[in-house]
Amino acid sequence: MPVITEIEDLRKIYERRVPRMFYDYAETGSWSEQTFRDNSSDFDLIRLRQRVAVDMTNRSTASRMIGQDVAMPVALAPVGLTGMQCADGEIKAARAAEKFGVPFTLSTLSICSIEDVAEHTTKPFWFQVYTLKDDDFMRRLFDRARDAGCSAMVITLDLQVQGQRHKDLKNGLSAPPKLTVKSVANMMTKVQWGLGMLGTKRRFFGNVVGHAKGVTDPASLSSWTAEAFDHALDWDRVRELIRMWGGKVILKGILDAEDAKMAADAGADAIVVSNHGGRQLDGALSSIRMLPPIMDAVGDKIEVHLDSGIRSGQDVLKALALGAKGTMIGRAFVYGLGAMGEAGVTRALEVIHKELDTTMALCGERNVADLGRHNLLVPEDFTGRWA
Ligand SMILES: Cc1cc2nc3c(=O)[nH]c(=O)nc-3n(C[C@H](O)[C@H](O)[C@H](O)COP(=O)(O)O)c2cc1C
């Protein structure tokens, strides 16, 4: 196994092993990619306060997210088409998360179905829904998630309409991939990926094909996705969906203090401060920059998680020290999955865990629960004066 010391090592292997179309799908932001870049570079603006001669024995990264025990407060974010990054990708990622002791979130737009993932895991996972017009389909998704024992519903609010990612259009992104001269030539160089795909039946959107009205084959899927998203979504509908599920709810895609207040009032259990990894509103501020005003607005009312831009345990620590109770990683685990399957996801989690644990020690802390603003050096104008 190559020596992996940081997430960037996994990204480089991932780039070599996975067809260009799927690499580009993950490693891109919308339009100019300004928000995508800011998500990571804004973490670098925050520095850490070094402390010495503090007893660093018996450290723990164990914590709780929405009342569930976690080995560290880092969940795997919902990522569509994960099963195209590696054969049976959602099952592999879920198993790695389960063994590590962190939550896995299955996307509506996964390749492996809810039932597939439940069958191959032993602990409850989280399920993510987009808000769709088809009420029957939503109800059935909720029923299926309930039957599969899912312990939380993540409702994504920042994708009523889709931000444009140039590369996906140019590559003709689809699942399974369209066979063009260019895509076939590229796939032929990805032997391991190809053998995996030949060995699995799971190559279509497992939660949709055969379940949504009129979607019986992959060809009818593209017209369904174009039509399916609920452009009319409002807070009444969010409240209705929260009632419909009846269990723990995490509202994902909150980037504004006013929306955070609405989410808390709607009765959700947690929010994820997120801009979808810079894939939706290009020009929006980074998640980490928006965390302090959102904490000021709702930090005492609702549990706050954060994603977008996390590539290290130091990033996780910064989010926790600014008040987040938990974090999510998207690309960081996808790199691992595409690079080395389940073992790669485990490696990504190990890398982040070690960075978090060691950095915590060097900051003079023994427990993630004790991290706070006192561990950070934040530029005075970090949030900025945006009028
Ligand atoms: C390739 C890809 C696909 C994604 N698909 C979904 C999805 O199906 N549902 C969802 O709520 N978010 C989706 N997201 C957003 C992630 O859940 C998460 O917010 C984002 O990846 C966090 O940023 P990071 O990748 O910088 O960690 C996707 C992100 C990526 C990179």
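- The protein goes by L-lactate dehydrogenase (Cytochrome) in an unreviewed UniProt entry, where it is assigned to Cribrihabitans marinus.
- Its UniProt record gives the protein a comment under Sequence similarities (unreviewed entry), which states: "Belongs to the FMN-dependent alpha-hydroxy acid dehydrogenase family."
- Recorded in UniProt for the protein, the comment headed Cofactor (unreviewed entry) runs: "FMN".

## Points about the overall build of the protein
Here is step 1: A count of helices and strands for the protein gives 16 helices and twelve strands.
Here is step 2: Taking 2.2 N^0.38 as the reference for a compact globule, 387 residues should give roughly 21 Å; the C-alpha atoms of the protein span a radius of gyration of 20 Å, in line with that estimate.
Here is step 3: Expressed as a percentage of its 387 residues, the buried residues of the protein come to 50%.
Here is step 4: Excluding contacts between residues fewer than 6 apart, the proportion of contacts in the protein whose partners are at least 24 apart in sequence is 72%.

## Overview of the sheet that holds strand β10 (residues 303-306)
Sheet strands pair by backbone hydrogen bonding; their relative direction is either parallel or antiparallel.
Here is step 1: Pairing within the open sheet is parallel, and its eight strands lie in the order β4-β11-β10-β9-β8-β7-β6-β5. The outermost strands of the open sheet, each flanked by one partner alone, are β4 (74-76) and β5 (105-106).
Here is step 2: Relative to strand β6 (residues 126-130), β5 runs parallel, the two being bridged by two bridges. Residue pairing for β6: L106 is matched across the bridge by F127.

## Thoughts on the nonpolar core
Here is step 1: Residues M153, I254, I271, V273 and A348 are the most contacted members of the largest nonpolar core, which totals 114 residues.
Here is step 2: Take this core: its biggest share by element is 14 residues, from helix α16 (residues 331-362).
Here is step 3: Sequence-distant contacts of I254, defined by excluding residues within four places in its chain, comprise L157, D259, A260, A263, I271, V272, V273 and I294.

## Thoughts on the UniProt feature "active site" (unreviewed entry) in the protein
Here is step 1: UniProt's feature table lists "active site" (unreviewed entry) at H276, given in the numbering used throughout.
Here is step 2: When you line up the elements, H276 lands in the loop between β9 (270-273) and α14 (287-298).
Here is step 3: Among the residues examined, H276 registers 28 C-beta atoms within 10 Å and is labelled buried.
Here is step 4: Not counting the four nearest positions on each side in its chain, H276 is found in contact with D158, L159 and G253.

## Side note on the site of the ligand
Here is step 1: Not every one of the 24 residues close to the ligand is listed here, only the nearest: A77, G80, S107, G277 and G330.
Here is step 2: Listing elements by their share of the shell around the ligand, those giving two or more residues are α2 (20-26) and α16.
Here is step 3: Tallied by class, the residues present in the shell around the ligand amount to nine nonpolar, eleven polar and four charged.

## A word on the packing of helix α5 (residues 89-100) against α16
Here is step 1: The interhelical angle for the contact between α5 and α16, taken along N-to-C directions, is 15°, at an axis separation of 8 Å. On the basis of their axis angle, the class for α5 and α16 is roughly parallel. Considering the relative orientation of α5 and α16, their crossing is left-handed. Residues G89, K92, A93, R95, A96, K99 and F100 of α5 form the contact with α16, whose own contacting residues are F333, L337, G341, E342, V345, T346 and L349.

## A closer look at the pairing of strand β11 (residues 326-329)
Here is step 1: Burial of β11 is two-sided: the residues G326 and M328 facing one way and the residues T327 and I329 facing the other way are all buried.
Here is step 2: Sheet topology note: the β4/β11 ladder contains three bridges and is parallel. Bridging across to β11, L76 finds its partner in I329.
Here is step 3: The handedness of the β10 to β11 crossover, carried by helix α15 (residues 313-321), is right-handed.

## Section: the environment of S312
Here is step 1: Mapping S312 onto the fold places it in the loop between β10 and α15.
Here is step 2: Distance in space between the C-alpha atoms of S312 and A77 is 15 Å, their sequence separation being 235 residues.
Here is step 3: Excluding its chain neighbours within four sequence positions, the residues that come into contact with S312 are I7, I352 and E355.

## Quick notes on unusual backbone geometry
Here is step 1: At the junction of A175 and P176, the peptide bond is cis and its omega measures out at -5° in the coordinates.
Here is step 2: You will see that L81, though not glycine, has its phi angle at about 60°, which is positive.
Here is step 3: Assignment of secondary structure puts L81 in the loop between β4 and α4 (82-85).
Here is step 4: C-beta crowding within 10 Å serves as the criterion here: with 21 such atoms nearby, L81 is assigned to the buried category.

## Digging into the environment of L45
Here is step 1: Turning to its location among the elements, L45 is positioned in helix α3 (residues 34-45).
Here is step 2: Taking the C-alpha atoms as reference points, L45 and F137, 92 residues apart in sequence, are found 44 Å from one another.
Here is step 3: Ignoring anything within four residues of it in the chain, the contact list for L45 reads P379 and F382.

## Some words on the environment of P124
Here is step 1: Inspection of the secondary structure puts P124 in the loop between α6 (114-119) and β6.
Here is step 2: Overall, the presence of 17 C-beta atoms within 10 Å leaves P124 in the partly exposed class.
Here is step 3: Spatially, the C-alpha atom of P124 lies 9.8 Å from that of A94, the residues being 30 residues apart in sequence.
Here is step 4: Residues contacting P124, with those up to four places away along its chain left out, are G149, C150 and S151.

## Digging into helix α1 (residues 7-17)
Here is step 1: Regarding α1, the residues found buried are I7, L10, R11, Y14 and R17. The buried residues of α1 occupy an angular sector of 135° when projected down its axis, which confines them to one face.

Criteria and cut-off values
- Residues numbered from 1 in each chain as written.
- Predicted model: local features only at pLDDT ≥ 70, side-chain atom pairs only at ≥ 80, totals over all residues.
- UniProt positions renumbered as here; feature names shortened; annotations may be inferred.
- Helix = DSSP H or I, 4+ residues; strand = E, 2+ residues; numbered from the N terminus.
- Rg over C-alpha atoms; globule rule 2.2 N^0.38 Å.
- Buried ≥ 20, exposed ≤ 12 C-beta atoms within 10 Å, placed from the backbone.
- Contact = placed C-beta atoms within 7 Å.
- Pairing = 2+ DSSP bridges.
- Core = buried A, V, L, I, M, F, W, Y, C linked by C-beta atoms within 7 Å.
- Near = placed C-beta within 6 Å.
- Nonpolar A, V, L, I, M, F, W, Y, C, P; charged D, E, K, R; others polar.
- Axes fitted to C-alpha atoms, helices over the stretch in contact; angles between N-to-C directions.
- Parallel < 35°, antiparallel > 145°, perpendicular 65-115°, else oblique.
- Left-handed = near helix turned anticlockwise from the far one by under 90°.
- Right-handed = clockwise from strand over helix to strand, strands pointing away.
- Arc of directions from axis to C-beta.

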